[in-house]
Amino acid sequence: MPDEQSNGVGAAGGAEFAGRRVALGVSGGIAAYKAVEVLRGLQRAGCEVRVGMTKRACEFVTPLTFRALSGSHVVVDDYAPENPDPIAHITFSQSVELFVVAPATANVIAKFANGVADDFLTSTYLASNAPVVVAPAMNTTMLLHPATQRNLALLRADGVRVVEPDAGEMACGTIGPGRLSDPGLIVAAALEVLRAGGRGRGPVQDLAGERVLVTTGATREEIDPVRFISNHSSGRMGFAVAEAARSRGAEVLVVAGSTTAPPPAGVRVVRAVSAGEMRDAVMREVGGATVFVAAAAVADYRPAARAGGKIKKSDAALSLTLEPTPDILAEVSAARRDGLLVVGFAAETERVVENALEKMRRKNLDAIVANDLTQDGAGFDTETNVVTVITRDRQTPAALPLMSKLDAAHRVLDEVARLRRLSKTV
Ligand code: PMT
């Protein structure tokens, strides 16, 4: 387990979270033993933790372990004769301020997503109004199965905070995403939800009051009235950032180039075709923004002159003179006012982190999100992404496993919210 400073639970944590009532649900997977570290981390932060387990979880760790550490009866079956409270799923669920489930198996996630309440843990989920944090852990194939991804998407849409599993070697010997996230990160996510004061189900509103301006999609640089230079950006990544920011309470405006993905509901979209138009729209709107996220794939070059009529085909080679387009991100950063957080993206095929770091420094950004285009499921025109999030204050970049673009967007916004909190404390 990382030390307490590194997971955001510093010495002050004990006072800040003293007496906060947290339920820890443990379901049956090989990672169940790591729930002990989650319990200890929450307790060190000052929380009062009660534990509920599935019957399968008891095959990996005994309830006695959690009882000894939590000092309370551990509920597995509310109807068991030794249970002091025969309707524990109601009393327990309604007396806690946060429900953390770690590890959450594919089965438990499926039941939560579909409202199945056939044991203590799943009944507690359904009977509770508290915000919920789930930390999935399972075999990679099970995690990436469309059914599990669909169920996780349903949970997110219901306002559940999902702490993404890590990638690595699994107990079954395969290598890929599915390993329970670091217990320190699960504790940090839980405390973040508590800190945000979320009572009642619904996404954490940690970006309430922020006005987020996002660029997305591809620009088109016209050669003549029928031809243009462009790229494969679908707009999905930027729209995911917009959707995630809106669900966390921000007011969102998207300046979108050419896109094939649909924009999310509840955000304002302004269209721009070329890099020049996108630049003008951004510079018009950025004065009202508190966060700027540049996810667009802006053409770096455009024809120096656009032909007025269609260029006729001939057997001769055709040369085009290209000139650089305005660098929108660099211009926003150079002209920024106090308080504007500026986040760039970098699409890279080699030396991914080094190149992204260089862009972050050169353009003076608060954070940059590096897409590794060599990875399957990453980058342009995919539903998923593989990103590394680098922030100016943290020298160790967070390399994330394959995940949906919406999840990746939330991970980027976790950093935005953290940077905002930091800026308020200095
Ligand atoms: O739209 P999708 O299909 O979902 O694909 C997502 C994506 C791969 C396009 C996205 O995740 C991404 O990486 N966007 C940035 C791609 C890119 O153009 O990277 P870059 O390294 O060339 O540019 C660096 C940064 O400067 C980017 O934030 C870019 O928006 C910005 N830029 C670049 C050139 C320019 N003239 N103006 C800019 O603002």
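Definitions and limits used
- Residues numbered from 1 in each chain as written.
- Predicted model: local features only at pLDDT ≥ 70, side-chain atom pairs only at ≥ 80, totals over all residues.
- Heavy atoms only, no water.
- Salt bridge = Lys/Arg side-chain N within 4 Å of Asp/Glu carboxyl O.
- Helix = DSSP H or I, 4+ residues; strand = E, 2+ residues; numbered from the N terminus.
- Phe/Tyr/Trp six-rings, centres within 6.5 Å; stacked < 30°, edge-to-face > 60°.
- Buried < 20%, exposed > 50% of the residue type's maximum accessible area, 1.4 Å probe, protein only.
- Expected span 1.5 Å × (residues − 1).
- Polar contact = N/O pair within 3.5 Å; in protein donor to acceptor, adjacent residues only side chain to side chain.
- Near = heavy atom within 4 Å.
- Areas by Shrake-Rupley, 256 points an atom, 1.4 Å probe, with all protein chains shown as cover.

Draft legend 1. Structural context of the pattern of salt bridges. If you walk through the whole model with that rule in mind, you get 27 salt bridges. Between Arg236 and Asp381 there is a salt bridge, with the nearest N and O atoms lying 3.3 Å from each other. Here the residue Arg236 occupies a position in helix α10 (residues 236–247), and Asp381 occupies one in the loop between β17 (367–372) and β18 (384–385), the gap between them amounting to 145 residues. In this structure, Glu331 and Arg279 form a salt bridge, with 2.6 Å as the shortest nitrogen-oxygen distance. Of the two residues, Glu331 is situated in helix α12 (residues 328–334) and Arg279 in helix α11 (residues 275–285); the sequence distance between them amounts to 52 residues.

Draft legend 2. Seen up close, the packing of aromatic side chains. Taken as a whole, this structure holds two aromatic pairs when the rule is applied. Ring geometry for Phe99 and Phe112: centres 6.4 Å apart, planes at 45°, overall tilted. Here Phe99, found in strand β3 (residues 98–104), pairs with Phe112, found in helix α5 (residues 106–114); they are 13 residues apart in sequence, far enough to count as distant. Take Phe99 and Phe112: they sit in the same class, and that class is buried.

Draft legend 3. Inspection of helix α9 (residues 183–195) at higher detail. Here α9 is 13 residues long and its end C-alpha atoms lie 18 Å apart, about the 18 Å a rise of 1.5 Å per residue gives. Of all the 13 residues making up α9, 10 are buried; the element is thus mostly covered by neighbouring parts of the structure. Within the sequence span of α9, burial applies to Pro183, Gly184, Ile186, Val187, Ala189, Ala190, Leu191, Glu192, Val193 and Leu194. If you check the start of α9, you find a side-chain oxygen 2.6 Å away from the backbone N of Gly184, and it comes from Asp182.

Draft legend 4. Local environment of unusual backbone geometry. Residue Ala102 is joined to Pro103 through a cis peptide bond whose omega torsion reads 0°. Looking at the element boundaries, Pro103 is found in strand β3. The backbone of Asn364 shows a phi angle near 55°, a positive value even though the residue is not glycine. Within the secondary structure, Asn364 sits in the loop between α13 (352–362) and β17. Note on Asn364: relative accessible area 49%, which makes it partly exposed. Positive phi is not limited to glycine here, since Asp381 has a value of about 55°. Looking at Asp381, the relative accessible area reads 45%, which means it is partly exposed.

Draft legend 5. View of the site of the ligand. In the region of the ligand, 28 residues are neighbours, and Ser233, Ser234, Ala296, Lys359 and Asn371 sit closest. A distance of 2.4 Å is found between an oxygen atom of the ligand and a side-chain nitrogen or oxygen belonging to Lys359. Gly379 has a polar backbone atom sitting 3.5 Å from an oxygen atom of the ligand. The protein chains hide 95% of the 770 Å² of surface that the ligand would expose on its own.

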